[in-house]
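Report on the structure
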Amino acid sequence: GRGDEKWLALAITCDEEWASLCAELGNPDWMQSPKLTTADGRREAHDLIDDQLSAWAAEQELEEVVERLLARGIPAATVADAKRGNTHPQFSARGFFEDVDHPVVGTHPICGPPFRYATVKHWQRSPTPTMGQHNHEVLGELGLSNAEIEQLETDGVIGTKPTGL
């Protein structure tokens, strides 16, 4: 459809749907080829069909063409942009994304499991740790003293940022 990164998904699963698609496009000459009357013929001509449908779809308003195709019995939908999944109304209604406040990148949505428990209000309990954030805690639990941990830091064995920065 018109606009950047707007994509139409449609499927033709039978001859009746092909006829409906032809009608939606106004029965253009390219669709009247006898080889396109069968699924095998359409499969062989997939490049032609892809090129023609791509050119046609690029001139359509995405939401409107999806409605028209569905009304004709043609399976169609907008292709979901994964980068904008957290704005999908169903995900919002189900609480699939939870905002997490991270010390480096700020607050952003993180997806949770695809199910809910009545006893669990939030799945995300903390943000992703920063590099080396838990060095002292983990190494201390392993039995290293503060002096040993500090020596590892001094020697560049552990740290809180990549070397060379």
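Criteria and thresholds
Residues numbered from 1 in each chain as written. Predicted model: local features only at pLDDT ≥ 70, side-chain atom pairs only at ≥ 80, totals over all residues. Heavy atoms only, no water. Helix = DSSP H or I, 4+ residues; strand = E, 2+ residues; numbered from the N terminus. Buried < 20%, exposed > 50% of the residue type's maximum accessible area, 1.4 Å probe, protein only. Contact = heavy atoms within 4.5 Å. Areas by Shrake-Rupley, 256 points an atom, 1.4 Å probe, with all protein chains shown as cover. Lys, Arg positive; Asp, Glu negative; His and termini not counted. Charge placed at Lys NZ, Arg CZ, Asp CG, Glu CD. Polar contact = N/O pair within 3.5 Å; in protein donor to acceptor, adjacent residues only side chain to side chain. pLDDT = per-residue confidence, 0-100. Salt bridge = Lys/Arg side-chain N within 4 Å of Asp/Glu carboxyl O. Phe/Tyr/Trp six-rings, centres within 6.5 Å; stacked < 30°, edge-to-face > 60°.

**Some remarks on the overall build of the protein chain**
When you go through the protein chain residue by residue, the secondary structure sums to seven helices and four strands. Beginning at the N terminus, the succession of helices and strands in the protein chain can be written as β-α-α-α-α-β-α-β-β-α-α. Summarising its shape, the C-alpha atoms of the protein chain cover approximately 80 × 40 × 30 Å along the three principal directions. Here the protein chain holds 165 residues, and the buried ones make up 24% of them. Sequence-distant contacts in the protein chain: of pairs separated by 6 or more residues, those separated by 24 or more amount to 47%. Element-wise, carbon and sulfur atoms account for 53% of the exposed surface of the protein chain, whose accessible area totals about 11800 Å². For the protein chain, the centre of its 14 positive side-chain charges and the centre of its 27 negative side-chain charges are spaced 6 Å apart.

**What to know about the side chain of His102**
Position of His102 among the secondary structure elements: in strand β3 (residues 97-102). Side-chain polar atoms of His102 contact the backbone nitrogen of Val105, separated by 3.5 Å. In this structure, His102 is in contact with Thr107, His108, Pro127, Thr128 and Thr130, ignoring residues within four places of it in sequence.

**Considering the environment of Glu141**
Considering the arrangement of structural elements, one finds Glu141 in helix α6 (residues 135-141). Sequence-wise, Glu141 and Thr130 are 11 residues apart; in three dimensions their C-alpha atoms are separated by 19 Å.

**Description of the confidence of the model for the protein chain**
Per-residue confidence for the protein chain gives a mean pLDDT of 91; residues scoring 70 or more make up 97%. Taking the mean pLDDT of every element in the protein chain, the minimum, 83, falls on helix α5 (residues 89-94) and the maximum, 97, on helix α1 (residues 15-24).

**What to know about the pattern of salt bridges**
Per the counting criterion, the structure on display carries five salt bridges. Here Glu24 ties to Arg68 by a salt bridge, and the two come within 2.6 Å at their closest N and O atoms. Linking Glu24 in helix α1 with Arg68 in helix α4 (residues 62-71), this pair joins segments that are 44 residues apart in sequence. Residue classification places Glu24 among the buried residues on the basis of a relative accessible area of 14%. Glu98 is paired through a salt bridge with Arg116; the nearest N and O atoms lie 3.7 Å apart. You can see Glu98 sitting in strand β3 and its partner Arg116 sitting in the loop between β4 (106-111) and α6, a full 18 residues away along the chain. Residues joined by salt bridges that share partners form a network here, namely Glu24, Arg68 and Arg72.

**Description of the packing of aromatic side chains**
Scanning the model with the defined rule gives seven aromatic pairs in all. Summarising the aromatic geometry, the rings of Trp18 and Trp30 are spaced 6.4 Å apart at their centres and angled 75° between planes, so their arrangement reads as edge-to-face. One end of the pair, Trp18, is in helix α1; the other, Trp30, is in the loop between α1 and α2 (39-44), with 12 residues separating them in the sequence. On the basis of relative accessible area, Trp30 is assigned to the buried category, the value being 16%. Between the aromatic rings of Phe115 and Tyr117, the centroid separation amounts to 5.4 Å while the plane-to-plane angle is 45°, which identifies the pairing as tilted. Looking at Tyr117, the relative accessible area reads 46%, which means it is partly exposed.

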